[in-house]
Amino acid sequence: MAVEHTFSIIKPDATKRNLTGSVNAVIEKAGLRIVAQKRVQMTRAQAETFYAIHRERPFFGELVDFMVSGPVVVQVLEGEDAIVRYRDVMGATNPANAAEGTIRKLFALSVGENTVHGSDSRENAAIEIAQFFAGNEIVG
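Bear in mind the structure is a predicted one, so any value in this text is a computation, not a measurement. (Residues numbered from 1 in each chain as written. Predicted model: local features only at pLDDT ≥ 70, side-chain atom pairs only at ≥ 80, totals over all residues. Heavy atoms only, no water.)

Caption draft 1: The arrangement of the sheet that holds strand S1 (residues 3–10) in detail. Strand order in the open sheet formed by four strands is S2-S3-S1-S4, with antiparallel pairing between adjacent strands. Each having just a single partner strand, strand S2 (33–40) and strand S4 (116–118) make up the two edges of the open sheet. Going across the sheet, the axis of each strand differs from the next one's by a mean of 20°, ignoring polarity. Of the pairings in the sheet, the one linking S1 to S4 comprises three bridges and is antiparallel in character. Pairing of Ile10 across the sheet is with Val116, part of S4. Lying over the sheet, helix H5 (residues 82–90) contacts S1, strand S3 (72–80) and S4, oriented at roughly 35° with respect to S1. (Pairing = 2+ DSSP bridges. Helix = DSSP H or I, 4+ residues; strand = E, 2+ residues; numbered from the N terminus. Axes fitted to C-alpha atoms, helices over the stretch in contact; angles between N-to-C directions. Contact = heavy atoms within 4.5 Å.)

Caption draft 2: Fine view of the side chain of Asp13. Examined against the element boundaries, Asp13 turns out to sit in helix H1 (residues 12–16). Side chain to side chain, Asp13 and Thr115 meet in a polar contact 3.2 Å long. (Polar contact = N/O pair within 3.5 Å; in protein donor to acceptor, adjacent residues only side chain to side chain.)

Caption draft 3: Seen up close, the UniProt feature "binding site: ATP" (unreviewed entry) in the chain. With numbering matched to this structure, UniProt assigns "binding site: ATP" (unreviewed entry) to Lys11, Phe59, Arg87, Thr93, Arg104 and Asn114. Mapped onto the secondary structure, Arg87 falls in helix H5. Overall, the relative accessible area of 37% leaves Arg87 in the partly exposed class. In this view, Arg87 contacts Gly118, Ser119 and Asp120; residues no more than four positions away in its chain are not counted. Locating Asn114 in the fold gives a position in the loop between helix H6 (103–107) and S4. Residue Asn114 is classed as buried on the basis of its relative accessible area, which comes to 3%. With residues up to four places along the chain from it excluded, the contact list for Asn114 reads Lys11, Asp13, Thr93, Arg104 and Ala108. (UniProt positions renumbered as here; feature names shortened; annotations may be inferred. Buried < 20%, exposed > 50% of the residue type's maximum accessible area, 1.4 Å probe, protein only.)

Caption draft 4: How the structure looks around the pairing of S3. Summarising burial for S3: eight of the nine residues are buried, a large majority. Summarising the sheet, S1 and S3 pair through eight bridges and their orientation is antiparallel. By the bridge assignment for S3, Ile10 is matched with Val73. Summarising the sheet, S2 and S3 pair through seven bridges and their orientation is antiparallel. Opposite Gln37, over in S3, you have Gln75 as the bridge partner.

In structure tokens, the structure reads:
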């Protein structure tokens, strides 16, 4: 197993409900370290760039609108197999299908307002981290 970094966003539905600390507690309980974190108001351009892979999908505009609707908390998480481990702790996109104890089962309101985002590959983690963090902001 390799120690790696993954990217996380605590989305506007969670920051609006003041759940950052609760989400962080689940992340840390899963054995992941938060090695960078900041609260930001994503611009429309940032959200469109971040979700560019979905540009042709019918939900793209709604997704961008949601992500700019309030502040988010962007994070770099570190741990052994961090990408897979974080995806497991996030739970299924649809909170109704998420396993007990996962972030989405505990906190998500719907498929759209599903509390968190996590990278799905090493390549995407590197791209997503670089969009929001300079190297000197990631401190283990």
